Amino acid sequence: AQTVTQSQPEMSVQEAETVTLSCTYDTSENNYYLFWYKQPPSRQMILVIRQEAYKQQNATENRFSVNFQKAAKSFSLKISDSQLGDTAMYFCAFCDSGSARQLTFGSGTQLTVLP
Amino acid sequence: NAGVMQNPRHLVRRRGQEARLRCSPMKGHSHVYWYRQLPEEGLKFMVYLQKENIIDESGMPKERFSAEFPKEGPSILRIQQVVRGDSAAYFCASSPVTGVTDTQYFGPGTRLTVL
(Lines give C-alpha, C1' and ligand atoms only; values in the text may rest on other atoms or scores of the structure.)
Protein backbone atom coordinates (compact mmCIF):
# COMPACT_ATOMS: atom_id res chain seq x y z
CA ALA A 1 0.00 0.00 0.00
CA GLN A 2 1.15 3.51 -0.77
CA THR A 3 1.66 6.08 1.95
CA VAL A 4 2.15 9.84 1.73
CA THR A 5 3.80 11.81 4.52
CA GLN A 6 3.72 15.53 5.08
CA SER A 7 5.87 16.26 8.12
CA GLN A 8 5.05 19.97 8.46
CA PRO A 9 1.58 20.46 9.96
CA GLU A 10 1.88 24.25 9.83
CA MET A 11 4.07 26.80 8.06
CA SER A 12 4.04 30.54 7.60
CA VAL A 13 5.73 32.86 5.12
CA GLN A 14 5.87 36.58 4.58
CA GLU A 15 4.09 37.97 1.58
CA ALA A 16 6.34 38.03 -1.54
CA GLU A 17 8.75 35.51 -0.01
CA THR A 18 9.37 31.91 -1.10
CA VAL A 19 8.31 28.84 0.83
CA THR A 20 8.82 25.10 0.31
CA LEU A 21 6.41 22.42 1.50
CA SER A 22 7.74 18.89 1.95
CA CYS A 23 6.20 15.58 0.93
CA THR A 24 7.57 12.06 0.91
CA TYR A 25 5.87 8.91 -0.25
CA ASP A 26 6.39 5.21 -0.21
CA THR A 27 5.58 2.92 -3.12
CA SER A 28 6.90 -0.13 -4.94
CA GLU A 29 5.48 1.12 -8.23
CA ASN A 30 7.69 2.55 -10.95
CA ASN A 31 5.04 4.51 -12.84
CA TYR A 32 2.79 6.85 -10.93
CA TYR A 33 1.54 10.40 -10.63
CA LEU A 34 1.96 12.98 -7.89
CA PHE A 35 -0.21 15.99 -7.18
CA TRP A 36 -0.44 19.01 -4.94
CA TYR A 37 -3.92 20.24 -4.09
CA LYS A 38 -4.79 23.30 -2.02
CA GLN A 39 -7.81 23.68 0.21
CA PRO A 40 -8.52 27.33 1.11
CA PRO A 41 -10.94 28.33 3.86
CA SER A 42 -13.80 27.73 1.41
CA ARG A 43 -12.83 24.03 1.71
CA GLN A 44 -12.86 23.57 -2.08
CA MET A 45 -10.10 21.23 -3.29
CA ILE A 46 -8.12 22.95 -6.04
CA LEU A 47 -5.43 21.30 -8.17
CA VAL A 48 -2.13 23.18 -7.95
CA ILE A 49 0.30 21.05 -9.93
CA ARG A 50 0.84 17.52 -11.26
CA GLN A 51 3.97 15.46 -11.94
CA GLU A 52 4.34 12.22 -13.91
CA ALA A 53 6.99 9.94 -12.39
CA TYR A 54 8.45 9.01 -15.79
CA LYS A 55 9.27 12.65 -16.51
CA GLN A 56 12.59 13.86 -15.18
CA GLN A 57 11.75 17.51 -15.67
CA ASN A 58 10.14 19.15 -12.68
CA ALA A 59 6.65 20.52 -13.28
CA THR A 60 6.04 24.27 -13.09
CA GLU A 61 2.82 26.28 -13.02
CA ASN A 62 3.43 30.02 -12.78
CA ARG A 63 4.61 30.70 -9.19
CA PHE A 64 4.36 27.02 -8.24
CA SER A 65 7.08 24.48 -8.96
CA VAL A 66 8.06 21.08 -7.63
CA ASN A 67 11.32 19.38 -6.76
CA PHE A 68 10.73 15.74 -7.67
CA GLN A 69 13.42 13.35 -6.44
CA LYS A 70 12.29 9.88 -7.55
CA ALA A 71 15.09 7.91 -5.89
CA ALA A 72 14.48 9.66 -2.59
CA LYS A 73 10.68 9.47 -3.07
CA SER A 74 10.41 13.15 -2.35
CA PHE A 75 8.02 15.65 -3.93
CA SER A 76 8.28 19.16 -2.49
CA LEU A 77 6.27 22.21 -3.56
CA LYS A 78 7.89 25.61 -3.89
CA ILE A 79 5.73 28.72 -3.89
CA SER A 80 7.48 31.84 -5.11
CA ASP A 81 6.34 35.43 -4.51
CA SER A 82 3.79 34.24 -1.95
CA GLN A 83 0.44 36.00 -1.98
CA LEU A 84 -2.22 36.34 0.71
CA GLY A 85 -4.51 34.22 -1.43
CA ASP A 86 -2.07 31.33 -1.12
CA THR A 87 -3.16 30.86 2.50
CA ALA A 88 -4.65 27.36 2.53
CA MET A 89 -4.16 23.76 3.55
CA TYR A 90 -1.91 22.03 1.02
CA PHE A 91 -2.23 18.32 0.38
CA CYS A 92 0.25 16.10 -1.42
CA ALA A 93 -1.35 13.14 -3.21
CA PHE A 94 -0.19 9.96 -4.99
CA CYS A 95 -1.87 7.92 -7.71
CA ASP A 96 -0.41 4.82 -9.33
CA SER A 97 -0.71 4.32 -13.07
CA GLY A 98 -2.60 1.06 -12.91
CA SER A 99 -6.29 0.40 -12.70
CA ALA A 100 -6.49 1.55 -9.08
CA ARG A 101 -7.03 5.23 -9.71
CA GLN A 102 -7.63 6.27 -6.15
CA LEU A 103 -5.66 9.19 -4.77
CA THR A 104 -3.77 8.68 -1.53
CA PHE A 105 -3.43 11.95 0.38
CA GLY A 106 -1.01 13.18 3.00
CA SER A 107 -2.26 14.78 6.20
CA GLY A 108 -1.74 18.28 4.87
CA THR A 109 0.31 21.41 5.66
CA GLN A 110 -1.51 24.56 6.76
CA LEU A 111 0.25 27.48 5.08
CA THR A 112 -0.36 31.02 6.28
CA VAL A 113 0.91 33.96 4.24
CA LEU A 114 1.56 36.94 6.49
CA PRO A 115 1.09 40.54 5.27
CA ASN B 1 -17.58 24.48 -18.70
CA ALA B 2 -19.21 23.91 -15.34
CA GLY B 3 -17.13 22.16 -12.73
CA VAL B 4 -18.06 19.21 -10.59
CA MET B 5 -21.36 19.91 -8.85
CA GLN B 6 -22.33 18.55 -5.48
CA ASN B 7 -25.53 18.99 -3.55
CA PRO B 8 -26.51 19.69 -0.98
CA ARG B 9 -23.56 21.71 0.28
CA HIS B 10 -24.64 21.21 3.86
CA LEU B 11 -26.76 18.39 5.22
CA VAL B 12 -27.95 17.87 8.78
CA ARG B 13 -29.34 14.53 9.85
CA ARG B 14 -30.33 12.97 13.15
CA ARG B 15 -28.92 9.65 14.19
CA GLY B 16 -30.70 6.81 12.41
CA GLN B 17 -31.78 8.85 9.39
CA GLU B 18 -30.57 8.41 5.83
CA ALA B 19 -28.25 10.78 3.99
CA ARG B 20 -28.15 11.08 0.20
CA LEU B 21 -25.31 13.02 -1.38
CA ARG B 22 -25.34 13.88 -5.07
CA CYS B 23 -22.52 14.50 -7.51
CA SER B 24 -22.67 15.60 -11.14
CA PRO B 25 -19.29 15.20 -12.88
CA MET B 26 -17.78 17.73 -15.23
CA LYS B 27 -19.10 17.60 -18.77
CA GLY B 28 -17.32 14.88 -20.71
CA HIS B 29 -16.14 13.07 -17.58
CA SER B 30 -17.35 9.51 -17.03
CA HIS B 31 -15.31 8.56 -13.97
CA VAL B 32 -16.46 9.54 -10.48
CA TYR B 33 -14.69 9.16 -7.14
CA TRP B 34 -15.92 9.75 -3.61
CA TYR B 35 -13.66 10.78 -0.74
CA ARG B 36 -14.33 11.49 2.92
CA GLN B 37 -12.54 14.11 5.01
CA LEU B 38 -12.89 13.80 8.75
CA PRO B 39 -12.18 16.94 10.82
CA GLU B 40 -8.48 17.88 10.87
CA GLU B 41 -7.57 15.03 8.50
CA GLY B 42 -6.74 14.48 4.84
CA LEU B 43 -9.10 12.99 2.31
CA LYS B 44 -9.63 9.23 2.30
CA PHE B 45 -10.73 7.34 -0.80
CA MET B 46 -14.10 5.60 -0.60
CA VAL B 47 -15.25 4.43 -4.03
CA TYR B 48 -14.56 4.75 -7.77
CA LEU B 49 -17.40 4.42 -10.27
CA GLN B 50 -18.01 4.57 -13.96
CA LYS B 51 -21.47 4.72 -15.50
CA GLU B 52 -23.50 1.77 -14.11
CA ASN B 53 -20.37 0.15 -12.68
CA ILE B 54 -18.55 0.17 -9.36
CA ILE B 55 -14.89 -0.22 -10.24
CA ASP B 56 -13.26 -0.03 -6.78
CA GLU B 57 -15.07 0.18 -3.46
CA SER B 58 -12.14 -0.82 -1.28
CA GLY B 59 -12.50 2.32 0.85
CA MET B 60 -16.19 1.99 1.56
CA PRO B 61 -17.33 0.90 5.02
CA LYS B 62 -18.85 -2.55 4.75
CA GLU B 63 -22.22 -1.57 6.20
CA ARG B 64 -24.65 1.32 5.73
CA PHE B 65 -22.73 2.94 2.83
CA SER B 66 -23.53 2.47 -0.84
CA ALA B 67 -22.83 4.33 -4.07
CA GLU B 68 -24.20 4.33 -7.57
CA PHE B 69 -23.63 6.14 -10.85
CA PRO B 70 -26.64 5.44 -13.08
CA LYS B 71 -26.74 5.74 -16.84
CA GLU B 72 -28.71 8.96 -16.44
CA GLY B 73 -28.38 11.43 -13.62
CA PRO B 74 -25.86 12.15 -10.90
CA SER B 75 -23.81 9.79 -8.81
CA ILE B 76 -25.34 9.15 -5.38
CA LEU B 77 -23.56 8.32 -2.14
CA ARG B 78 -26.07 6.91 0.32
CA ILE B 79 -25.52 6.51 4.03
CA GLN B 80 -28.19 4.60 5.91
CA GLN B 81 -28.86 4.90 9.65
CA VAL B 82 -26.28 7.64 10.13
CA VAL B 83 -24.22 7.83 13.31
CA ARG B 84 -22.28 10.76 14.78
CA GLY B 85 -19.03 9.32 13.41
CA ASP B 86 -20.34 9.86 9.86
CA SER B 87 -20.08 13.64 10.35
CA ALA B 88 -17.51 14.72 7.79
CA ALA B 89 -17.00 16.48 4.48
CA TYR B 90 -17.70 14.24 1.51
CA PHE B 91 -15.98 15.18 -1.72
CA CYS B 92 -16.73 13.97 -5.20
CA ALA B 93 -14.17 14.14 -8.00
CA SER B 94 -14.38 13.34 -11.69
CA SER B 95 -11.94 12.60 -14.49
CA PRO B 96 -12.25 12.11 -18.26
CA VAL B 97 -12.04 8.87 -20.21
CA THR B 98 -8.74 9.50 -21.99
CA GLY B 99 -5.42 8.38 -20.59
CA VAL B 100 -4.46 5.74 -18.08
CA THR B 101 -4.54 8.08 -15.16
CA ASP B 102 -6.07 11.52 -15.40
CA THR B 103 -6.27 14.40 -13.04
CA GLN B 104 -9.24 14.32 -10.72
CA TYR B 105 -11.19 17.54 -10.37
CA PHE B 106 -13.06 18.03 -7.15
CA GLY B 107 -16.46 19.40 -6.31
CA PRO B 108 -17.06 21.79 -3.40
CA GLY B 109 -17.99 18.98 -1.03
CA THR B 110 -21.01 18.19 1.12
CA ARG B 111 -20.67 18.82 4.84
CA LEU B 112 -22.69 16.22 6.71
CA THR B 113 -23.52 16.87 10.33
CA VAL B 114 -25.16 14.12 12.37
CA LEU B 115 -26.92 15.33 15.50
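The structure this text deals with has already been given above.
Cut-offs applied
- Residues numbered from 1 in each chain as written.
- Chains lettered and ligands numbered in written order.
- Predicted model: local features only at pLDDT ≥ 70, side-chain atom pairs only at ≥ 80, totals over all residues.
- Heavy atoms only, no water.
- Phe/Tyr/Trp six-rings, centres within 6.5 Å; stacked < 30°, edge-to-face > 60°.
- Helix = DSSP H or I, 4+ residues; strand = E, 2+ residues; numbered from the N terminus.
- Buried < 20%, exposed > 50% of the residue type's maximum accessible area, 1.4 Å probe, protein only.
- Core = buried A, V, L, I, M, F, W, Y, C linked by side-chain atoms within 4.5 Å.
- Salt bridge = Lys/Arg side-chain N within 4 Å of Asp/Glu carboxyl O.

### Digging into the packing of aromatic side chains
Two numbers describe a pair of aromatic rings. These are the distance of the centres and the angle of the planes.
For step 1, the next point in the chain: This model, assessed by the stated rule, comprises 14 aromatic pairs over all chains.
For step 2, the next point in the chain: Ring geometry for Phe105 of chain A versus Tyr35 of chain B: centroids 5.8 Å apart, planes at 90°, classification edge-to-face. You can see Phe105 of chain A sitting in strand 11 (residues 104-105) and its partner Tyr35 of chain B sitting in strand 4 (residues 29-37), one on each of two chains.
For step 3, the next point in the chain: The exposure class of Phe105 of chain A is buried, given its relative accessible area of 9%.
For step 4, the next point in the chain: Ring centres of Tyr33 of chain B and Tyr48 of chain B lie 4.8 Å apart, and the angle between their planes is 10°; this geometry places the pair in the stacked category.

### As for the nonpolar core
For step 1, the next point in the chain: By size, the foremost hydrophobic cluster in this structure holds 25 residues, and its most contacted members are Tyr25, Trp36, Phe75, Leu77 and Tyr90 of chain A.
For step 2, the next point in the chain: Those elements that provide at least two residues to this core are strand 3 (19-21), strand 5 (32-39), strand 6 (46-52), strand 8 (64-69), strand 9 (74-79), strand 10 (88-96) and strand 12 (109-114) of chain A.
For step 3, the next point in the chain: Considering each element in turn, this core owes the most residues, four residues, to strand 10 of chain A.
For step 4, the next point in the chain: With 23 residues, the next largest nonpolar core counts Leu11, Cys23, Val82 and Ala88 of chain B among its residues.

### A look at the pattern of salt bridges
For step 1, the next point in the chain: Under the definition given, this model contains eight salt bridges over all chains.
For step 2, the next point in the chain: With its nearest N and O atoms 2.8 Å apart, the salt bridge here joins Arg63 of chain A to Asp86 of chain A. With Arg63 of chain A in the loop between strand 7 (60-61) and strand 8 and Asp86 of chain A in the loop between strand 9 and strand 10, this pair connects stretches of sequence that are 23 residues apart. The two residues Arg63 of chain A and Asp86 of chain A agree in class, both being buried.
For step 3, the next point in the chain: Put simply, Glu18 of chain B and Arg78 of chain B hold a salt bridge, and the shortest N to O gap is 2.9 Å. Here Arg78 of chain B lies in strand 8 (residues 75-79) and Glu18 of chain B lies in the loop between strand 2 (10-13) and strand 3 (19-24), a separation of 60 residues in the sequence.
For step 4, the next point in the chain: You can call Glu18 of chain B partly exposed: its relative accessible area is 29%.

As far as function goes, none of this settles anything; it's purely spatial.
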